[in-house]
Amino acid sequence: MIANYGYKDGSGEYFISVDTEKCTGCGDCVEACLYGVFEVVENPLDPLSDDQVVVVTEAERKKIKYTCGPCKPVSDRPPLPCMAACLEDAISHSW
Amino acid sequence: MAEDTTSKEYWRWTESNWHDPDMDWREGDIVSAGVDVGSVSSQAVIMVDGKLYAYSNMRTGSDSPKSAENAMDWALEGTGMALDDIHYVVGTGYGRVNVPFAKRAITEIACHARGANFMYGPTIKTVLDMGGQDCKAIRVDQKGKVVSFLMNDKCAAGTGRGMEVFADLLGVHITKVGEMSLQVDEEPPMVSSTCVVFAKSEASALLREGWPKEKVLAAYCLAMAHRVVGLLERLGIEEDFAITGGIAKNIGVVSRIEKELEIKALTPSLDTQIAGAIGGALFARALLQKERKKK
Ligand code: SF4
Ligand code: SF4
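Residues numbered from 1 in each chain as written. Chains lettered and ligands numbered in written order. Predicted model: local features only at pLDDT ≥ 70, side-chain atom pairs only at ≥ 80, totals over all residues. Heavy atoms only, no water.

Turning next to the site of ligand 1. For ligand 1, the full set of nearby residues is Cys23(A), Thr24(A), Gly25(A), Cys26(A), Gly27(A), Asp28(A), Cys29(A), Val54(A), Cys86(A), Glu88(A), Ala90(A) and Ile91(A). Across the shell around ligand 1, the residue classes break down as 7 nonpolar, 3 polar and 2 charged. (Near = heavy atom within 4 Å. Nonpolar A, V, L, I, M, F, W, Y, C, P; charged D, E, K, R; others polar.)

If you want it as structure tokens, here you go:
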């Protein structure tokens, strides 16, 4: 399942996508992100399974454009810490 | 039908409750329920062995636990059933953690997917839920499991609440907004924003300019449709397609979404506002079955 967290506004689309099929809930991205964007929970979209997956915290969903700003300089963007940490390639950013 | 729709409260939509008089719930094995407490409306759905038995749909009050109780009481009305007769209750919606008698809270996205699968059958692949204060696009598989979803978490515009404010501003009853917005010879230019705050002043300005109400409503419905189509396109649409939530009852918005997508939405056979609570009741049953198996 692809879970898209974020929003679209006048300036663009800001979504972090998590592929829950790939995510093992290991929590490496939670550690890697300095701004507390992620948390590991029981898969909220599949209540009948007990799988642990990562989600974007409710508070961050409304402001990720700004929260992720420091990781995304306009020129020479380094690899994003969250994506680099994920060995399963489960995270992507739309911007 | 409990509400008087002739009142001057233009935003006030019709609350309702229903139960199946031909079904004897006492013969059922599992009685399950879902309670969806949204920001604008609350619903309770009671199911007997996975079949729809009773429901209610009413306005959310200022207090979520009380709204959940009211919705449940109203669904139970006339059934001879008491809250204790229900084996498992799931809470969903914005106020899901505030349903005092629920055993478990489940996100509305999972519940809407499951509920839409029940309402429209296994061919449903894309669900657009246009609720009181947000809007979600969900792709589901033939079992009603979420495949992907996208919701606009930031802005509450273009939602049921926005429509209520708008109905009030123009003095047009909310159930008439859709029809009235179609009474224009041609589509007006799109208003620049669907934000409740801006749309209000923009609409007032258009009225002062001499636009008839129909045209202002058309412009607003058009802007709202355009906005959610953007959301759907980002997710990707596959037929069958259906719209749930209160705005699904607004033909002015629905027909404009269909036109822009060049896809028809399935015609609902049940009240589109109870999809989430239906999903909750179905999950409640499945969770109880899972519990029983473990023992
Ligand atoms: S690092 Fe990757 S696999 Fe681990 S929790 Fe984060 S997204 Fe999931
Ligand atoms: S881009 Fe930076 S701030 Fe944003 S989620 Fe990844 S690590 Fe966290």
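And the narrative resumes.
As a further point, take the side chain of Arg139(B). Residue and element names in this part refer to chain B. The topology assignment puts Arg139 in strand E8 (residues 135-140). Among the polar contacts listed, one links the side chain of Arg139 to the backbone oxygen of Gly236, at a separation of 2.8 Å. A polar side-chain atom of Arg139 sits 2.9 Å from a polar atom in the side chain of Glu238. Not counting residues up to four positions away in its chain, the partners in contact with Arg139 are Lys125, Thr126, Lys145, Val146, Val147, Ser148, Leu235, Gly236, Ile237 and Glu238. (Helix = DSSP H or I, 4+ residues; strand = E, 2+ residues; numbered from the N terminus. Polar contact = N/O pair within 3.5 Å; in protein donor to acceptor, adjacent residues only side chain to side chain. Contact = heavy atoms within 4.5 Å.)

This part covers empty space enclosed by the protein. Applying the stated criterion to the full structure yields 2 cavities of 30 Å³ or more. Around the largest cavity, the lining residues are Cys23(A), Thr24(A), Gly25(A), Cys26(A), Gly27(A), Cys29(A), Val40(A), Val54(A), Cys86(A), Glu88(A), Ala90(A) and Ile91(A). (1 Å grid on protein atoms, 1.4 Å probe; cavity = no way out; pocket = protein on both sides within 12 Å on 5 of 7 lines; lining within 4 Å. Points joined across faces, edges and corners; volume = space filled by probe spheres on them.)

So, about the pattern of salt bridges. Residue and element names in this part refer to chain B. By the definition in use, this model includes 17 salt bridges over all chains. Asp29 is paired through a salt bridge with Arg292; the nearest N and O atoms lie 3.3 Å apart. Of this pair, Asp29 sits in the loop between strand E1 (16-19) and strand E2 (31-37) while Arg292 is found in helix H8 (residues 275-294), placing the two residues 263 residues apart along the sequence. One salt bridge in this structure joins Lys103 and Glu291, with 3.3 Å as the shortest N-O distance. You can see Lys103 sitting in the loop between strand E5 (88-92) and strand E6 (104-105) and its partner Glu291 sitting in helix H8, a full 188 residues away along the chain. (Salt bridge = Lys/Arg side-chain N within 4 Å of Asp/Glu carboxyl O.)

A few words now on helix H6 (residues 213-235) of chain B. With 23 residues, H6(B) ought to run about 33 Å at 1.5 Å a step, and its terminal C-alpha atoms sit 34 Å apart, in line with that. Gly236(B), located one to two residues past H6(B), shows a positive phi value of around 95°. (Expected span 1.5 Å × (residues − 1).)

Counting residues at the interface gives 24 residues for chain B, matched by 24 residues for chain A. The tally of links from chain B across to chain A stands at 3 salt bridges. Across the salt bridge formed by Lys290(B) and Asp50(A), the nearest N and O atoms sit 3.5 Å from each other. One can count 9 residue pairs in polar contact (both at pLDDT 80 or more) joining chain B with chain A. Mapped onto the side of chain B that touches chain A, the elements with two or more residues apiece are helix H2 (108-120), strand E9 (146-151), H6 and H8 of chain B. Element by element, the count of residues in the side of chain B that touches chain A is highest for E9(B), at 6 residues. A breakdown of the residues in the side of chain B that touches chain A according to their chemical character gives 12 nonpolar, 4 polar and 8 charged. Two strands pair when backbone bridges link them, and strand E1 (residues 2-9) of chain A and E9(B) are joined in this way by 3 bridges, in the parallel orientation. Paired with Asn4(A) across the strands is Leu150(B), a residue of E9(B). (Pairing = 2+ DSSP bridges.)

With that out of the way, let us pick up the domain arrangement of chain B. Residues and elements named next belong to chain B. Partitioning chain B into domains gives domain 1 (16-119 + 274-294) and domain 2 (125-265). The gap between the C-alpha centroids of domain 1 and domain 2 is 27 Å. Facing 14 residues of domain 1, the contacting portion of domain 2 comprises 19 residues. Here domain 1 and domain 2 share an interface that buries about 1200 Å² over both sides, 65% of which is from carbon and sulfur atoms. On the surface where domain 1 and domain 2 come into contact, there are 1 salt bridge. Here Arg59 ties to Glu164 by a salt bridge, and the two come within 3.0 Å at their closest N and O atoms. (Domains from an automatic or database assignment. Buried area = accessible area lost by both parts, 1.4 Å probe.)

Further remarks concern the nonpolar core. Counting residues in hydrophobic clusters, the biggest one holds 57 residues, and the most contacted among them are Ile16(A), Phe38(A), Leu45(A), Val45(B), Ile138(B), Val146(B) and Phe149(B). It is H8(B) that provides the largest number of residues to this core, a total of 9 residues. Here this core spans two domains, since at least three of its residues come from each of domain 1 (16-119 + 274-294) and domain 2 (125-265) of chain B. The residues touching Phe38(A), leaving out its near neighbours within four places in the chain, are Ile16(A), Cys29(A), Val30(A), Cys33(A), Val54(A), Val55(A), Val56(A), Thr57(A), Cys82(A) and Ile91(A). (Core = buried A, V, L, I, M, F, W, Y, C linked by side-chain atoms within 4.5 Å. Buried < 20%, exposed > 50% of the residue type's maximum accessible area, 1.4 Å probe, protein only.)

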